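Examining the three-dimensional arrangement
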Amino acid sequence: MSTDAQTRRAGSVPGPAGGPAQGADPAGQLLRRLTVLPAMLVLAWLLVSLPLLLLGVFRPLPMLVLSVPLAAGLVLAVLRWVPQASPPDPASLPDPAGWAERARTPWWVLIALVVIAAGFGADQFIYHAQQIIIMRDPASYIQFGNWLAGHGSLPIPADRAAFGPAHQVLHFKSFAFYQVGGTVVPQFMAGLPMLLAGGFWAGGVSTAVAMGALFGALGVLAFGGLVARLAGPRWAPLAALVLALSLPEQLTSRSTYSEPVVQILFLGGLCLIIDSLLARGRGAQVAAALGGLAVGMTLLVRIDGASDVLPLIPYIGLLLIGRRPQAVPMLGGLVAGGLYGVVDGLLLSRPYLHTIKSSLVPLALVGIVVVLATVAAVVVLRERGLPEITGSWLPNAAAALAFVVTLGFIVRPYVQTTHTAVTGATRQVIASFQRDNHLLVDPTRTYYEISLHGVFWYIGVPAVLLGTLGAAVLARRCVRGRAPAWTLPLMIFAWTIVTTLYRPSITPDQPWASRRLVPAVLPGFILLAVWALPWLTGWLRRHDYDRVFRAGVGTVGVAALIIPAVMTTYGLGIKPGGPLGVRPTSTTVAFTRTYRGEAAAIARLCTAIPGNASVLIVDGSVADHLSEVVRGMCDVPVARLPRWTPTPAQVRDVVSSIRQAGRQPVLLAAKKSELTRYGGSVREVMALRIVQDGHTLTTPPKTTWTVPFNVWMTEPPR
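Values in this document were obtained by computation on a predicted structure and should not be read as measured data.

The rules behind the values
Residues numbered from 1 in each chain as written. Predicted model: local features only at pLDDT ≥ 70, side-chain atom pairs only at ≥ 80, totals over all residues. Heavy atoms only, no water. Helix = DSSP H or I, 4+ residues; strand = E, 2+ residues; numbered from the N terminus. Rg over C-alpha atoms; globule rule 2.2 N^0.38 Å. Buried < 20%, exposed > 50% of the residue type's maximum accessible area, 1.4 Å probe, protein only. Areas by Shrake-Rupley, 256 points an atom, 1.4 Å probe, with all protein chains shown as cover. Lys, Arg positive; Asp, Glu negative; His and termini not counted. Charge placed at Lys NZ, Arg CZ, Asp CG, Glu CD. pLDDT = per-residue confidence, 0-100. Contact = heavy atoms within 4.5 Å. Pairing = 2+ DSSP bridges. Core = buried A, V, L, I, M, F, W, Y, C linked by side-chain atoms within 4.5 Å. Phe/Tyr/Trp six-rings, centres within 6.5 Å; stacked < 30°, edge-to-face > 60°. Lys NZ or Arg CZ within 6 Å of the ring centre and 35° of its normal. Axes fitted to C-alpha atoms, helices over the stretch in contact; angles between N-to-C directions. Polar contact = N/O pair within 3.5 Å; in protein donor to acceptor, adjacent residues only side chain to side chain. Salt bridge = Lys/Arg side-chain N within 4 Å of Asp/Glu carboxyl O. Expected span 1.5 Å × (residues − 1). Bend = angle between axes of the 7 residues up to and from the residue. Disulfide = S-S within 2.5 Å. Patch = residues over 30% accessible without salt bridge, like charges linked within 9 Å, V, L, I, M, F, W, Y side chains within 5 Å.

Concerning the overall build of the protein
Broken down by element type, the protein carries 27 helices and ten strands. Taken over C-alpha atoms, the radius of gyration comes to 27 Å for the protein, in line with the 27 Å a tight globule of 718 residues would show. Its C-alpha atoms give the protein principal-axis dimensions of roughly 90 × 65 × 45 Å. Within the protein, buried positions represent 56% of all 718 residues. Roughly 28200 Å² of accessible area belongs to the protein as shown, and the carbon and sulfur atoms make up 65% of that amount. Seen as two clouds, the 56 positive and the 32 negative side-chain charges of the protein have centres 2 Å apart.

Considerations on the confidence of the model for the protein
In this model, the protein carries a mean pLDDT of 91, and residues with pLDDT of at least 70 account for 93%. Residue range residues 1-23 is modelled with pLDDT below 50. Its contacts to residues more than four positions away, or to other chains, number 47 contacts.

Examining the sheet that holds strand E2 (residues 177-180)
Pairing within the open sheet is antiparallel, and its three strands lie in the order E1-E3-E2. On the outer flanks of this sheet lie strand E1 (156-157) and E2, each paired with one strand and no other. Sheet analysis places E1 next to strand E3 (residues 183-186), joined by two bridges and oriented antiparallel. Residue pairing for E3: Pro-157 is matched across the bridge by Thr-183.

Side note on the nonpolar core
With 198 residues, the main nonpolar core has Leu-46, Met-194, Val-455, Trp-486 and Val-615 as its most contacted residues. The biggest single contributor to this core is helix H2 (residues 26-55), with 15 residues. Discounting chain neighbours no more than four positions away, the residues touching Trp-486 are Ser-92, Leu-230, Leu-474, Cys-478, Leu-527, Leu-528 and Trp-531.

Describing the packing of aromatic side chains
For the structure on display, the rule yields 14 aromatic pairs. With 5.3 Å between their ring centres and 25° between their planes, Tyr-545 and Phe-549 make a pair best called stacked. For Phe-549, a relative accessible area of 41% corresponds to the partly exposed category. Each member of the aromatic cluster is reached from another via a ring pair, and the members are Trp-45, Phe-58 and Trp-201. Across the ring face of Trp-512, the terminal group of Arg-136 is positioned such that the distance to the ring centre comes to 4.2 Å.

A few points about the sheet that holds strand E6 (residues 613-617)
The pairing of strands in a sheet comes from backbone hydrogen bonds and takes either a parallel or an antiparallel form. With mixed pairing, five strands are arranged side by side in an open sheet as E7-E6-E8-E10-E9. Strands with a single pairing partner mark the edges of an open sheet, and in this sheet they are strand E7 (638-640) and strand E9 (683-692). Along the sheet, successive strands turn relative to each other by an average axial angle of 25°, direction set aside. Strand direction decides the pairing type here: strand E8 (residues 664-669) and strand E10 (residues 705-714), joined by three bridges, are antiparallel. Within the sheet, the bridge partner assigned to Leu-668 lies in E10 and is Met-713. Helix H27 (residues 648-660) rests against E6 and E8 of the sheet, and its axis sits at about 145° to E8.

A word on the environment of Ser-614
Relative to the helices and strands, Ser-614 is located in strand E6. Dropping the residues within four chain positions of it, Ser-614 is found in contact with Ala-162, Phe-163, Pro-637, Ile-658, Arg-663, Gln-664, Pro-665 and Val-666. Here the side chain of Ser-614 touches Arg-663 through a polar contact of 2.8 Å, side chain to side chain.

Looking at the pattern of salt bridges
Following the criterion strictly, the structure yields 14 salt bridges and no others. Put simply, Arg-323 and Glu-383 hold a salt bridge, and the shortest N to O gap is 3.2 Å. With Arg-323 in the loop between helix H14 (312-321) and helix H15 (327-347) and Glu-383 in the loop between helix H17 (357-381) and helix H18 (393-415), this residue pair connects regions lying 60 residues apart in the sequence. Owing to a relative accessible area of 47%, Arg-323 belongs among the partly exposed residues under this scheme. Of the charged contacts in the structure, one is a salt bridge between Glu-449 and Arg-445, with a shortest N-O distance of 2.4 Å. Within the structure, one salt-bridge network assembled from shared partners comprises Asp-137, Glu-259, Arg-302, Asp-308 and Arg-515.

Section: the side chain of Thr-594
Along the polypeptide, Thr-594 turns up in the loop between strand E5 (582-586) and helix H25 (598-608). Residues contacting Thr-594, with those up to four places away along its chain left out, are Ala-129, Gln-130, Val-691, Gln-692, Asp-693 and Thr-704.

Here we look at helix H6 (residues 191-208)
The terminal C-alpha atoms of H6 lie 14 Å apart, and with 18 residues this falls more than 12% below the ideal 26 Å at 1.5 Å per residue. Of all bends in H6, the biggest is about 120°, found at Ala-202. The complete set of buried residues in H6 reads Gly-191, Leu-192, Pro-193, Met-194, Leu-195, Leu-196, Ala-197, Gly-198, Gly-199, Phe-200 and Ala-208. Among the structural elements, H2, helix H5 (137-151), helix H7 (211-231), helix H10 (259-278), helix H12 (298-301) and helix H26 (620-633) are those in contact with the buried residues of H6.

Some points on the side chain of Gln-434
Tracing the sequence through the fold places Gln-434 in helix H19 (residues 424-436). Among the residues examined, Gln-434 registers a relative accessible area of 0% and is labelled buried. Excluding anything up to four places from it in sequence, Gln-434 contacts Leu-439, Leu-440, Val-441, Asp-442, Pro-443, Arg-445, Tyr-447 and Leu-697.

Some points on the pairing of E10
Two strands pair when backbone bridges link them, and E9 and E10 are joined in this way by nine bridges, in the antiparallel orientation. Its bridge partner lying in E10, Ile-690 is registered against Val-707.

With respect to the state of the cysteines
Considering all chains together, one arrives at one disulfide under this definition. A sulfur-sulfur separation of 2.0 Å characterises the disulfide bridge that pairs Cys-606 with Cys-634. Across the S-S bond of Cys-606 and Cys-634 the torsion is about -75°, and the bridge reads as left-handed. Highlighted residues: Cys-606 in helix H25 and Cys-634 in the loop between H26 and E7, separated in sequence by 28 residues. Here the two residues Cys-606 and Cys-634 agree in accessibility, since each one is buried. No disulfide involves Cys-271; its nearest neighbouring cysteine sulfur is the one of Cys-478, lying 17 Å away.

A look at a nonpolar patch on the surface
There is a patch of nonpolar side chains on the surface, built from Leu-54, Leu-331, Val-335, Leu-339, Val-342, Val-343, Leu-346 and Leu-347 and spanning about 650 Å² of accessible area. Relative to the assigned elements, Val-342 resides in helix H15.

Below is the structure:
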């Protein structure tokens, strides 16, 4: 059956431009619009931000003048065209039987989805972190965004002249900030920092560090919209709730991670692409173009997203072979969004791309092969069309492959122990984690072989098993051409799940490593599991199982999706004791605010540093963590000497050189004893006990770590 025929089967009454009648399903139409609006707002900001940043005029006024009309235009496009998409295609739903009675979306579905997303955002805001001192990526993004908000251009000047003649022996780099000649270049892509800059403009650092909660809530909302389109609206609240309860989603939404923003664009883009397949006329083309643009723009936020985007290329090839009107607009949107990421990487983040070239080069080669193979397939098959699948062996093989792959990941820990070459710093970090976890010290271990265990921990074994079942059934349908709306989502989620679990490419401590699961792995498993559950109950009905048994299976299935996430996130368990012999316990990080107090501590540090100071950090650790904080937030030049612990003679030479430049030398260190030899009033300007996320390697995290962070300062006298 053709896709057009399946679309007509959806039973919609034609409205303007061939779409369904307006008002036929008001709650469903509002749900569709609402769940893609976050992607449109993020797109509007990013589309304007990068050109202004490249021109060196990334400022509030031009951003508002240009982004607000663009946002209004994109929102109007969604309001105009997305309502013309048909209801979900019954052929893509888990249980098409009885679809006519459930075609309308109940208002409770929309209300529940909004309440879950808003409640999730509120919870993450209450417990949001203050990662400002650079220890891991969220603080790096904050410092990047802070610089953009205050200066509107890149690269960052090193201000060498502020250190006099000695500047030639000084270094200006630090964690996540590279030194390139006389400038400093931030690590990572500019997408998230450009969004965070808006938070700095709106309310300073306190607003910026809380923006993760907003992004996380919008990501959950977008995911609910995708589930409504593919599994049916009534299942959207359950799926959104499971995602919101998972610890990785909470971790990345409490700090300024890039993954929730990627969710907004990636999942929102998939929603629009699905809408485009079920729409007609201009609506199909507009939705396809916006969907391709949103998915492609993920590269501007997270360069790793290039791998997730790859399946879209052969999919567009399929549309071109089928002469679908969505193909060219979708390709144009994907290329335009991808070019934003490429331009950012080559012009603004080249040192970062160089450091990860061992991953990027193979990915680029795979991308070239995929493009060439797709072009060849389009050339050969465009006239003759795709071959018709007549037998059962190929659909059955596709279904079996889902089980084989999952079984392979289950067996993997018993047949493989993964290792990799590591640098000296990484070796020390991994070794310290292993000692604290009472594990054999082997810093080359990556623990990639237990990557599926992370999914078990965070959403449970039932979600993986149901997700595998869903993938198998859908693979069979898609190969037969019976679930066109599912073709791209299944391709993308299957590819991303397999590649991410095979090689997570991240320091393996939890919950840090769990961020890799957030953009697509957890949403993919949850979506497939939620689809499989009603399919299973429908299968039971078709095989004459009574209603009570089916209801029991459905209830157990829902509980099996919710309970594991709750148990891990909130640390539920039992211990011996109490009048019954056992008692419930809870050891959790869900109610702990990490990295708290950093904003106030940095404000005090900046107040202590004179305005005409040139800061020399004489302790290597403090220099790594604080150099960009002092440069960007205290707005004074900062440098370090090449050696981790410089000699007194080297420090005195730099102090003298700073005075020659007409500025006040200021020295910072981690200990008072490091500064007393240089004279002046040595005083403690920062005394923090930083509550960090835990660092477990073979178990889910249940506790946090506390580390001291002290900074001492002196102004050497003449």
